[in-house]
Amino acid sequence: MRVPVLPARPRLPAVTAPGGRRAPRTGRWIRSLRSGRAYDVYLPAGVPRRRRIPMVLLLHGCTQTPSGFADSTRFTTVADRNGFALVVPQQERWHQAQRCWRWYESAHQRRGGGEPALLATIVREVCAEPRRWNVDPSRVYVAGISAGGAMALILAATYPDVFAAAGVHSAPPYRSARGGGGALTAMAGHGRVPDVEGSIAPVVVVQGASDHVVRPVNGDRVVEQWLDHRTVGPGRTRTDTGRTAGRRYTRRRWYSGSRRVLEYWKVDGLGHAWSGGRPDASFSDPAGPRASTIMWQFFRAHRTAAR
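Considering the arrangement of structural elements, one finds Val196 in the loop between α5 (183-187) and β9 (203-208). With 21 residues separating them along the chain, Val196 and Arg175 place their C-alpha atoms 8.7 Å apart. Contact partners of Val196, with chain neighbours within four places excluded, come to Ala157, Tyr174, Gln225 and His229.

Here's what the structure looks like:
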C-alpha cells in the first residue's frame, strides 16, 4: 500500500542568487508504506525521470523524526546539489519507546530477519519502482547517527550486496551489545570488539571527541572492527589534520588501490551531534566539517554488482 502526501516543502521556482547565479530549487517529499512501516522519499529537483539516480537510506537517532533528521543534517541540500534520492524510514514509538533502531538486540543484527531485513526490503521496493523514481540499485548507500548509525553499520555487515557503502556517525561497533542491558556498556566503549564474519561494505566514520553519550573510543573501535574482518588489509593509508567552521579534526583514510575503502574523521569539541548540521535542531551542531558532504563524497566512489 502506498499513501502519497503533499510535498513537505513546496517546489520553488529558480531564483537569482547574488552574483547572477541561479539558486538551486528544492526537491519534494513523497510518503510510502511497506509492511506497516512508513518511509519518506525525497526526490531532488530538476532530475529527469529517465535518469537513474543514486539513493541514500537515512536512519535517524533516538527521539528524532525522519524529516527533522533529514533537514537537520543538510542531506536534502546535498541531494539537490548532487542529484540523489533520500529514503527515510520511520521508527515509531510502538516499535521502540524512544524511536531507537534496535541495534542492541540479537534479533536485529542478522541478515534475513528483524529490522535489517525490513530496511533491505524497503530499499528493494524503492529500486523496483522506476515509474515513480528511477533509482540505480548499484548505487545505494546508508547513513545514520547514534542508534541509526549503529543500524547503518549492521546493514553494511549483513547486506553488503545491497549497500555499496555506509556512513556511521557516533555509533558503537557491530554486535557490541546482544541485548538491552548491554547497550550502555557498548556506548561507553567497554567490552571486546566482536569479530565480523564475511564481507562488509566500505565505511566512513565520523565521531565527536567530546561525545558523552557514545564515547569517543567507539569511533576507534568501529575502525578496528572493520580492519580486523578483512583477510587482506587495505594498502596505503593517509592521515591529515585540519580546521573548518571553528573545529579541528583528524582524518585518516585507507585505500585499496586508488579507492578509499575506509575513512575516519574525529572532530575536536563535537558532542553527540551531527557535525556541520543546521543550528537549533536536535543532535545537530553547525560547527565542524559537514558530515553529509563527507559521506556523499565517500559514497559516490562505490558501487555494488546489483543491476
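Back to the text.
Here the focus is the state of the cysteines. This structure, assessed with the given rule, holds 1 disulfide. The disulfide partner of Cys62 is Cys100, and the S-S distance across this bridge is 2.0 Å. Negative torsions about the S-S bond denote left-handed disulfides, and the value of about 125° found for Cys62 with Cys100 makes this one right-handed. With a gap of 38 residues between them, Cys62 in the loop between β5 (53-59) and α1 (66-72) and Cys100 in the loop between β6 (85-89) and α3 (114-127) connect regions that are remote in the sequence.

A few words on the pairing of strand β4 (residues 37-43). Counting buried positions over the 7 residues of β4 gives 7, a clear majority of the element. On β4, burial covers both faces: Arg37, Tyr39, Val41 and Leu43 on one face and Ala38, Asp40 and Tyr42 on the other are all buried. Pairing of β4 with β6 involves 4 bridges; the strand directions are antiparallel. The partner of Val41 across the bridge, within β6, is Val87.

Turning our eyes to something else, we now look at the packing of α3 against helix α4 (residues 147-158). Running from amino to carboxyl end, α3 crosses α4 at an angle of 75°, the nearest separation of the two axes being 10 Å. Relative to α4, α3 is oriented roughly perpendicular. On the side of α3, the interface is formed by Glu115, Pro116 and Leu119, while α4 contributes Met151, Ile154, Leu155 and Thr158. Considered class by class, the residues forming the contact of α3 with α4 number 5 nonpolar, 1 polar and 1 charged.

Turning our eyes to something else, we now look at unusual backbone geometry. In this structure, Ala245 takes a positive phi of about 50° despite not being glycine. Structurally, the position occupied by Ala245 is in the loop between β10 (237-244) and β11 (247-256). For Ala245, a relative accessible area of 48% translates into the label partly exposed. One non-glycine residue, Phe283, adopts positive backbone phi at about 50°. By the element assignment, Phe283 lies in the loop between β13 (274-275) and β14 (284-285). On the basis of relative accessibility, which here comes to 34%, the residue Phe283 falls in the partly exposed class.

Moving on: the pairing of β9. Taken across its 6 residues, β9 has 6 buried, putting it largely inside the fold. Of the two faces of β9, the one lined by Val203, Val205 and Gln207 and the one lined by Val204, Val206 and Gly208 are each fully buried. The sheet contact formed by strand β8 (residues 165-169) and β9 spans 4 bridges and is parallel. Bridge assignment links Gly167 to a residue of β9, and that residue is Val204. The sheet contact formed by β9 and strand β12 (residues 259-267) spans 6 bridges and is parallel. Residue pairing in the sheet places Gly208 in a bridge with Val267 of β12.

Before going further, it helps to examine the pattern of salt bridges. All told, the structure shown has 13 salt bridges when counted by the stated rule. A salt bridge links Arg102 to Glu115; the nearest nitrogen and oxygen atoms lie 3.0 Å apart. Separated by 13 residues along the polypeptide, Arg102 in the loop between β6 and α3 and Glu115 in helix α3 bring together distant segments of the chain. Given the relative accessible area of 21%, Arg102 is considered partly exposed. Residues joined in a network through salt bridges with shared partners are Asp136, Arg139 and Arg303.

Inspection of every chain in the model, using the stated rule, returns 9 aromatic pairs. Their ring planes at 35° and their centres at 4.8 Å tell us that Tyr249 and Trp265 sit as a pair that is tilted. Here Tyr249 is found in strand β11, whereas its partner Trp265 is found in strand β12, with 16 residues between them in sequence. Tyr249 sits in the buried class, given a relative accessible area of 14%. On the basis of relative accessible area, Trp265 is assigned to the buried category, the value being 7%. An aromatic cluster is present here, built from Phe69, Phe75, Phe84, Tyr141, Trp274, Trp296 and Phe299 joined pairwise through their rings. If you follow Arg236 out to its NZ or CZ, it ends over the ring of Tyr255, 4.0 Å from the centre.

Below, the discussion takes up the nonpolar core. Met55, Leu57, Trp103, Phe163 and Val203 are the most contacted members of the largest nonpolar core, which has 58 residues in total. Tallying contributions element by element places α4 first for this core, with 9 residues.

What counts and what doesn't
- Residues numbered from 1 in each chain as written.
- Predicted model: local features only at pLDDT ≥ 70, side-chain atom pairs only at ≥ 80, totals over all residues.
- Heavy atoms only, no water.
- Helix = DSSP H or I, 4+ residues; strand = E, 2+ residues; numbered from the N terminus.
- Contact = heavy atoms within 4.5 Å.
- Disulfide = S-S within 2.5 Å.
- Buried < 20%, exposed > 50% of the residue type's maximum accessible area, 1.4 Å probe, protein only.
- Pairing = 2+ DSSP bridges.
- Axes fitted to C-alpha atoms, helices over the stretch in contact; angles between N-to-C directions.
- Parallel < 35°, antiparallel > 145°, perpendicular 65-115°, else oblique.
- Nonpolar A, V, L, I, M, F, W, Y, C, P; charged D, E, K, R; others polar.
- Salt bridge = Lys/Arg side-chain N within 4 Å of Asp/Glu carboxyl O.
- Phe/Tyr/Trp six-rings, centres within 6.5 Å; stacked < 30°, edge-to-face > 60°.
- Lys NZ or Arg CZ within 6 Å of the ring centre and 35° of its normal.
- Core = buried A, V, L, I, M, F, W, Y, C linked by side-chain atoms within 4.5 Å.

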